[in-house]
Amino acid sequence: MANAGMVGLDWQQRINWDRLRKYRLERARARMKAAGLGAMLLMYDENVRYVTSTLTPGWNRLKPGLRYAMLCGDDAPVLFEQGDIGMQIERHSPWIPKDHIRYSYAWIKGAAGPASTVQVKKFTNAVKQEMKKANVAGQKLGVDFIDINMLKVFAEEKIDWTDGMTPMMEARAIKNEDEQEALRMVGAIGDAAHWEFMKFLKPGRTENQLTAHIMEYLYSVPGMEDVEDVIVSSGPNTWPNWRNFSDRIVKPGDIVFMDLAALTWNGYKSCYYRTYCAGKEPTKDQKDIYATALKWLYDSIKAVKVGATTKDIAAKWPSAKEAWGYEEEDQAAANLWGHGLGLAQYDQPVISRIWSLDHPIEIKEGMVFALETQHGKKFEWGVRIEEMLIVHKDRIEIISNFPVEQITVVDPMPGYSTLSGR
């Protein structure tokens, strides 16, 4: 498969969503059992989706507990939806058995006030009941989220709970052929969005106008669920990397970069930077700095292969001291960076000199992640580049295809003075 198209057809094999759902569910179950867990209680959006293939609405995100799921032993997943939304799940998601759809007991991170304890007790009783039904009562329960209210009641009810996020991270790290195709589609949408940005960028536009235009463009794409962020930074906002946008006006000759930070197509997310120069050719200094950042990026990409480790990749980057004179690597967090992509923007592996040199993780076939580098002159201008890639048994497939070998120049005009150094 290679980007055949976005919609399902009867005459061409594309993403097999049924196969994808089954793969994710059984991979989560396998990692659960490998971790010695009888059940998992999942409250983070990406984990609920991974095992149930149901959508968390935008208003519901970042509020763990409004909806959640359980995976118990060999049983089908159980989905707890807010209120009567479960009736819609019955209509739209027939792969969830009707008798495995419940209503949730929420306390909204404590916003329920004194009622939170009562709600958590109901919540905990429901968890125990599901484990009993699946014949895993008394076994270890993996959880991906815990709060102060849960800690107290779990202790009172003698819930034997432990880390459930690590098994889910391990499960999500390896993508099957259908997930890989979904991420190729994410890359293709990103290519198109950068092309649209190139056409729309010009001196006089503001960062927020540029952001809004790309947001509108992306939401017109079939299957687009969410655009978590579009980062547009220009001029002095590009170094150090502010990772935000404002109402700053782009001036002639400004360096601008745009990051598609988690466009979400059918659940799968992007992270995809490119650097532009508005209205004139970049200076020699800017080209040289960009060439340095590009070398850092492609040196690290060349280190990616099955059996290598995140240490091998991070070791290709200079230290924070060498690059920018910083005393600690944490001061340069996300400057030279890698992170897994999937239903979350931070699947494994996450690659940084902060931890990868001492705590390496093996690169495996089926991993999908982004690598990104940046460099610049403080409060003047900076460049940032990012590629998304799939790890295959014998090769690396780059799925971000907008030109990267040089700064993308938009509508250069003659007549600029060289005296100002711009």
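Just above, that's the structure.
Described below are features of the structure shown in this document. Remember, it's a predicted structure, so these values are computed and weren't measured experimentally.

**Observations regarding the overall build of the protein chain**
Looking only at helices and strands, the protein chain features eleven helices and 16 strands. Relative to the compact-globule value of 22 Å for 422 residues, the protein chain shows a C-alpha radius of gyration of 23 Å, a close match. A principal-axis box enclosing the C-alpha atoms of the protein chain has dimensions of 75 × 50 × 45 Å. Burial status across the protein chain gives 55% buried among its 422 residues. Nonlocal contacts in the protein chain, meaning residues at least 24 apart in sequence, comprise 68% of its contacts between residues at least 6 apart. A total of about 18,700 Å² of accessible surface is found on the protein chain, and carbon and sulfur atoms cover 53% of it. Separation of charge centres in the protein chain, based on 53 positive and 56 negative side chains, amounts to 1 Å.

**A word on the sheet that holds strand S2 (residues 68-72)**
Here we have six strands laid out as an open sheet, ordered S4-S3-S2-S1-S5-S6, and mixed in their pairing. Single-partner strands in this sheet number two, and they are strand S4 (101-103) and strand S6 (161-163). For this sheet, the mean inter-axis angle between neighbouring strands, taken without regard to orientation, is 25°. For strand S1 (residues 39-42) and S2, the ladder comprises four bridges, and the chain directions are antiparallel. The partner of Ala39 across the bridge, within S2, is Cys72. Packing against the sheet, helix H2 (residues 45-52) makes contact with S1, S2 and strand S3 (78-81), and its axis sits at approximately 50° to S2.

**Looking at the side chain of Arg353**
With respect to the secondary-structure elements, Arg353 resides in the loop between strand S12 (347-351) and strand S13 (368-377). Looking at Arg353, its side chain comes within polar contact range of the main-chain oxygen of Trp317, at 2.9 Å. When sequence neighbours within four positions are dropped, the list of residues in contact with Arg353 reads Ala314, Ala315, Trp317, Pro318, Ser319 and Glu329.

**Some details on the nonpolar core**
Ranked by internal contacts, the top residues of the largest apolar core, which has 57 residues, are Val51, Phe197, Leu201, Leu218, Leu260, Trp265 and Tyr276. If you tally residues by element for this core, the top one is helix H7 (residues 177-200), at nine residues. Ignoring sequence-local partners within four residues, the contact set of Leu260 consists of Gly190, Ala193, His194, Ile214, Leu218, Asp229, Val230, Ser270, Cys271 and Tyr272.

**Section: the sheet that holds strand S14 (residues 381-391)**
Backbone hydrogen bonds are what pair the strands of a sheet, in a parallel or an antiparallel way. Spatially, the five strands line up as an open sheet ordered S12-S11-S13-S14-S15, and their pairing is antiparallel. Of all the strands in the sheet, the pair left with one neighbour each is S12 and strand S15 (396-398). Averaged over all pairs of adjacent strands, the angle between their axes in this sheet comes to 25°, without regard to strand direction. Bridge analysis of S14 against S15 gives three bridges, and the strand direction is antiparallel. Bridging from a neighbouring strand, Val391 pairs with Ile396 of S15. With respect to the sheet, H7 is in contact with S13, S14 and S15, its orientation differing from that of S14 by roughly 155°.

**A closer look at H7**
For H7, spanning 24 residues, the distance from its first C-alpha to its last is 35 Å, which sits close to the expected 34 Å at 1.5 Å a residue. Most of H7 sits inside the fold, with 19 of its 24 residues counted as buried.

**Some words on empty space enclosed by the protein**
A full pass over the atoms with the stated rule returns two cavities of 30 Å³ or more. Of the voids in this model, the largest cavity is the one considered here, and its volume is about 60 Å³. Forming the boundary of the largest cavity are Trp317, Ala320, Trp324, Glu329, Ala332, Ala333, Leu336, Ser352, Arg353 and Ile354. By volume, the second largest cavity amounts to about 30 Å³. Together, Met43, Asp45, Asn60, Lys63, Pro64, Leu66 and Arg67 line the second largest cavity. Across the lining of the second largest cavity, the residue classes tally to three nonpolar, one polar and three charged.

**Overview of the pairing of S12**
When strand S11 (residues 337-340) meets S12, the two strands line up antiparallel, connected through three bridges. Its bridge partner being in S12, Gly338 is matched across the sheet by Ile351. Once S11 ends, the chain turns through six residues before running back antiparallel as S12.

**Some thoughts on the layout of surface pockets**
Put simply, the largest pocket is a space of about 480 Å³. In this structure, the largest pocket is lined by 21 residues; those nearest its centre are Asp45, Glu46, Arg61, Lys269 and Leu343. Residue assignment for the lining of the largest pocket shows that the elements contributing at least two residues are H2 and strand S7 (224-234). Partitioned by chemical class, the residues of the lining of the largest pocket number eight nonpolar, four polar and nine charged. There is about 410 Å³ of room inside the second largest pocket. Arg49, Ser53, Thr54, Leu55 and Trp95 are the residues nearest the centre of the second largest pocket, which is lined by 19 residues in total. The element that contributes the greatest number of residues to the lining of the second largest pocket is helix H1 (residues 17-34), accounting for four residues. Class assignment of the residues belonging to the lining of the second largest pocket gives a composition of eight nonpolar, six polar and five charged.

**Observations concerning the packing of aromatic side chains**
For the coordinates displayed, the defined rule picks out 15 aromatic pairs. Judged by centre distance (6.0 Å) and plane angle (80°), the ring pair of Tyr44 and Phe145 falls under edge-to-face. With a gap of 101 residues between them, Tyr44 in the loop between S1 and H2 and Phe145 in the loop between strand S5 (141-143) and helix H5 (148-156) connect regions that are remote in the sequence. Residue Tyr44 is classed as partly exposed on the basis of its relative accessible area of 31%. A centroid spacing of 6.4 Å and a plane angle of 65° characterise the contact between Trp337 and Tyr346, whose relative ring orientation is edge-to-face. A residue is classified by how much of its surface remains accessible, and Tyr346, at 39% relative accessible area, is partly exposed. Grouping aromatic residues by their ring pairs yields a cluster made of Tyr68, Phe80, Trp107 and Phe123. Over the ring of Trp95 we find Arg21; its NZ or CZ atom is 3.7 Å from the centre of that ring. The positively charged end of Arg205 is found above the aromatic ring belonging to Phe200, 3.8 Å away from the centroid.

Cut-off values and rules
- Numbers given for residues are sequential positions, taken from 1 along each chain in its written order.
- Restriction of local features to residues with pLDDT of at least 70 applies here, the model being predicted, together with a cutoff of 80 or more for giving and counting side-chain atom pairs; totals for whole chains, interfaces and linings are based on all residues.
- Heavy atoms from the whole structure form the basis of all side-chain values; hydrogens and water molecules are not counted.
- Helix numbering and strand numbering both begin at the N terminus, where a helix is a DSSP run of H or I of at least 4 residues and a strand a DSSP run of E of at least 2.
- Put simply, the radius of gyration uses C-alpha atoms, and a globule should come to 2.2 Å times the residue count raised to 0.38.
- Relative accessibility under 20% of the residue-type maximum defines a buried residue, over 50% an exposed one, and the middle range a partly exposed one, all with a 1.4 Å probe and only protein chains included.
- Residue contacts are counted whenever heavy atoms from the two residues lie within 4.5 Å of one another.
- Residue-level accessible areas treat just the shown protein chains as cover; the underlying method is Shrake-Rupley with a 1.4 Å probe.
- Here the positive residues are Lys and Arg and the negative ones are Asp and Glu; neither His nor the chain ends is included.
- Here the site of a charge means NZ on Lys, CZ on Arg, CG on Asp, or CD on Glu.
- A pair of strands is treated as paired once DSSP finds two or more bridges between them.
- Axis definition: a line fitted to C-alpha atoms, limited for helices to the stretch in contact. Angles are taken between N-to-C directions and run from 0 to 180 degrees.
- Whenever a nitrogen or oxygen atom comes within 3.5 Å of another N or O atom, the pair is scored as a polar contact, on the condition that within protein one atom can donate a hydrogen and the other can accept it, and that pairs from neighbouring residues in sequence are kept only if both atoms are in side chains.
- By nonpolar core we mean a set of buried residues, namely Ala, Val, Leu, Ile, Met, Phe, Trp, Tyr and Cys, connected to one another through side-chain atoms within 4.5 Å.
- What a helix should span is 1.5 Å times the count of its residues minus one.
- A cavity here means a set of points on a 1 Å grid, drawn over the protein atoms and nothing else, where a 1.4 Å probe fits but cannot get out; a pocket is an open set with protein on both sides within 12 Å along at least five of seven lines, and a residue lines either one if it has an atom within 4 Å of a point.
- Grid points are joined across faces, edges and corners, and a volume is the space filled by probe spheres set on the points.
- All amino acids are sorted into three groups, where Ala, Val, Leu, Ile, Met, Phe, Trp, Tyr, Cys and Pro are nonpolar, Asp, Glu, Lys and Arg are charged, and the leftover types, Gly among them, are polar.
- Here a pair means two rings of Phe, Tyr or Trp (six-membered ring of Trp) with centres within 6.5 Å. Their orientation is stacked below 30 degrees between planes, edge-to-face above 60, and tilted elsewhere.
- Two thresholds decide whether a charge sits over a ring: the Lys NZ or Arg CZ must be within 6 Å of the ring centre and within 35 degrees of the ring normal.

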